[in-house]
Amino acid sequence: MMIHFVTKLQAFFTLLIIILLCTSIYITINNTKAADKRDLDNTVEKTYLLKKELEDAAVRIMELEQKLESLESRVPRKYAEVTFLNYLKKKRILITGGAGFVGSHLVDTLMLQGHEVIVADNFFTGLARRVNATILIASTSEVYGDPDKHPQEESYWGHVNPIGPRACYDEGKRVSETLTYAYAKQENMQVRVARIFNTYGPRMHMNDGRVVSNFILQALQDHEITVYGYGNQTRSFQYVSDLVDGLMALMESNYTLPVNIGNPVEHTINEFATIIKELVGGNSEIKHVAQVEDDPQRRRPDISRAKKFLNWEPKVSLNIGLHKTVNYFKKELKLFKLVHWNSPRDAL
Ligand code: UDP
């Protein structure tokens, strides 16, 4: 009986110890959790305060910057020091496009170095786009060079000597077409490109050296008519009013690819010399002189495109056009002789 009671007591105490142990573990865990929560609350609060402080500081910095700006605007502007160059070292430099991005920086540098800088800028970039202009480029049959395709249609890429005596003009015009189409594509702009063939008429310059003015002036003064080379090379001449009509029609159209504007009636230069001689009368002789380098041998426009898309074709015959031009040069020559009455021949 006694033994049984002791065993029960032992079991009771063992159970009590286990209960006490569990309770203490539970309390410890709960305490840890509470401490963790407090820490977290503290961190959130600290972060919030720090953020607020930063925001306040940013506002303060902004205010100070504004104040500084307004103070600076009151102080007279100080310009960069410009080096003094004497007249031996100082250059006068022309910068085309000097108002642009790179150009303006170049201007800054050169001016700081003490040079005199002149800027020529047509503010082309953006101007046409801003006013939504349609651009007309006066190109030329010279883009076909000395053509190996006859007559010349616009899809022909040409045959140009890139380093010959005509290259500056020919390649210059070719690149102007290139730039035009690149610009049109980039800026989504409207462009018109006229490839103008040999044109003549009143107000051609007397000294311009073109075959029409040369031959007429030579014939009018009974001088020799100078045919360069054998005179088998051909040209097709259009009267100036036809050209103007063609350009107007092109601008009124919505056709964006290049268009030949010329008269397809073709003559050899020998024939042309005879035509002028007969028209003007007088006693001039036709003389063959040295040929010119890279002279295109055949030139005649294919004007199907202009006919189709512009509903344009030349109207003035060579005979009528030349009559008007001869009359014009007669008057010009009189005027010229009045002014240079001593030696009109030398002056021409
Ligand atoms: N030409 C000529 N005698 C002259 C001027 C020109 O025989 O006094 C020829 C020239 O060699 C060319 C043609 O006439 O074959 C047309 O020349 P222009 O300079 O008028 O025009 P482009 O050659 O530019 O077409």
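Here's what I pulled together on the structure shown here.

1. A few points about the overall build of the protein chain
Point 1. When its secondary structure is counted, the protein chain shows 10 helices and 11 strands.
Point 2. Its C-alpha atoms give the protein chain a radius of gyration of 44 Å, clearly above 20 Å, the size a compact globule of 348 residues would have.
Point 3. Residue burial in the protein chain is summarised as follows: out of 348 residues, 20% are buried.
Point 4. The contacts in the protein chain between residues at least 6 apart in sequence include a share of 79% that link residues at least 24 apart.

2. Some words on the sheet that holds strand 3 (residues 134–140)
Point 1. Spatially, 3-4-9 is the arrangement adopted by the three strands of the open sheet, whose pairing is parallel. Sheet topology places strand 3 and strand 9 (259–261) at the edges, where each strand pairs with a single neighbour. Here the strands of the sheet are splayed against their neighbours by 30° on average, with no regard to which way each runs.
Point 2. Examined bridge by bridge, strand 3 and strand 4 (residues 190–196) share seven bridges and lie parallel to one another. For I137, the partnering residue across the bridge sits in strand 4 and is V193.
Point 3. Most of the contacts of helix 4 (residues 167–187) go to strand 3, to which it runs at about 160°, and overall it touches strand 3 and strand 4.

3. Things to note about unusual backbone geometry
Point 1. Each neighbour pair has its own omega, and for H150 with P151 the value is -10°, a cis peptide bond.
Point 2. When you line up the elements, P151 lands in the loop between strand 3 and helix 4.

4. Description of the nonpolar core
Point 1. Counting residues in hydrophobic clusters, the biggest one holds 17 residues, and the most contacted among them are F215, I216, A273 and I276.
Point 2. Every element with two or more residues in this core is listed here: helix 5 (211–220), strand 6 (225–228) and helix 7 (269–280).
Point 3. Residue contributions to this core peak at six residues, all from helix 5.
Point 4. Not counting the four nearest positions on each side in its chain, I216 is found in contact with I276, V280, T325, V326 and F329.
Point 5. V191, L250, I261 and L310 belong to the second-largest nonpolar core, a separate cluster that totals 14 residues.

5. Considering the site of the ligand
Point 1. By nearness alone, every residue bordering the ligand is listed as N198, R210, V211, N214, T226, V227, Y228, Q233, R235, I269, V292 and D295.
Point 2. Elements represented by at least two residues in the shell around the ligand include exactly helix 5 and strand 6.
Point 3. Taken together, the residues of the shell around the ligand break down into five nonpolar, four polar and three charged.

6. A word on the packing of helix 5 against helix 9 (residues 318–339)
Point 1. Relative orientation of the contacting elements helix 5 and helix 9 amounts to 60°, with a least axis distance of 10 Å. Crossing of helix 5 against helix 9: the hand is right-handed. Each of V212, I216, L217 and L220 in helix 5 lies in contact with helix 9, whose residues at this interface are T325, V326, F329, K330 and L333.

7. Some remarks on helix 7
Point 1. Taking 1.5 Å of rise per residue, the 12 residues of helix 7 would be expected to cover 16 Å, and the 16 Å separating its terminal C-alpha atoms lies within 8% of that figure.
Point 2. Those residues of helix 7 lying buried are I269, F272, A273, I276 and V280. Taken around the axis of helix 7, the buried residues stretch over an arc of 105°, which confines them to a single face.

8. What about helix 5?
Each full turn of the α-helix corresponds to 3.6 residues, which orients residues three or four apart in the same direction.
Point 1. Here helix 5 lies mainly inside the structure; eight of its 10 residues are buried.
Point 2. Of all the positions in helix 5, only V211, V212, N214, F215, I216, L217, Q218 and A219 are classed as buried.
Point 3. Buried residues along helix 5 sit in contact with strand 5 (199–200), strand 6, strand 7 (234–236), helix 7 and helix 9.
Point 4. Trailing helix 5 by a residue or two, D222 shows a phi angle of about 60°, which is positive.

9. Focus: the pairing of strand 2 (residues 116–120)
One face of the sheet, then the other: side chains in a regular strand alternate in exactly this way.
Point 1. For strand 2, the buried fraction is low: zero of the five residues fall into the buried class.
Point 2. Where strand 1 (residues 92–96) and strand 2 come together, five bridges link them in parallel fashion. Residue pairing in the sheet places R92 in a bridge with E116 of strand 2.
Point 3. In this view, the connection linking strand 1 to its parallel neighbour strand 2 by way of helix 2 (residues 101–112) has right-handed handedness.

10. Observations regarding the packing of helix 5 against helix 7
Point 1. Relative orientation of the contacting elements helix 5 and helix 7 amounts to 40°, with a least axis distance of 9 Å. With respect to helix 7, the axis of helix 5 lies oblique. For helix 5 against helix 7, the interelement crossing comes out right-handed. Packed against helix 5, whose contacting residues are V211, F215, I216, A219 and L220, the element helix 7 presents I269, F272, A273, I276, K277 and V280 at the interface.
Point 2. The class makeup of the residues in the contact of helix 5 with helix 7 is 10 nonpolar, no polar and one charged.

11. Overview of the environment of E171
Point 1. Examined against the element boundaries, E171 turns out to sit in helix 4.
Point 2. Along the chain, E171 and G145 lie 26 residues apart, while their C-alpha atoms are 9.2 Å from each other.

12. Description of the environment of C168
Point 1. One can find C168 in helix 4.
Point 2. Look at C168 and you get exposed, because 10 C-beta atoms sit within 10 Å.
Point 3. Distance in space between the C-alpha atoms of C168 and Q66 is 56 Å, their sequence separation being 102 residues.

So, how was this worked out
- Residues numbered from 1 in each chain as written.
- Predicted model: local features only at pLDDT ≥ 70, side-chain atom pairs only at ≥ 80, totals over all residues.
- Helix = DSSP H or I, 4+ residues; strand = E, 2+ residues; numbered from the N terminus.
- Rg over C-alpha atoms; globule rule 2.2 N^0.38 Å.
- Buried ≥ 20, exposed ≤ 12 C-beta atoms within 10 Å, placed from the backbone.
- Contact = placed C-beta atoms within 7 Å.
- Pairing = 2+ DSSP bridges.
- Axes fitted to C-alpha atoms, helices over the stretch in contact; angles between N-to-C directions.
- Core = buried A, V, L, I, M, F, W, Y, C linked by C-beta atoms within 7 Å.
- Near = placed C-beta within 6 Å.
- Nonpolar A, V, L, I, M, F, W, Y, C, P; charged D, E, K, R; others polar.
- Left-handed = near helix turned anticlockwise from the far one by under 90°.
- Expected span 1.5 Å × (residues − 1).
- Arc of directions from axis to C-beta.
- Right-handed = clockwise from strand over helix to strand, strands pointing away.
- Parallel < 35°, antiparallel > 145°, perpendicular 65-115°, else oblique.

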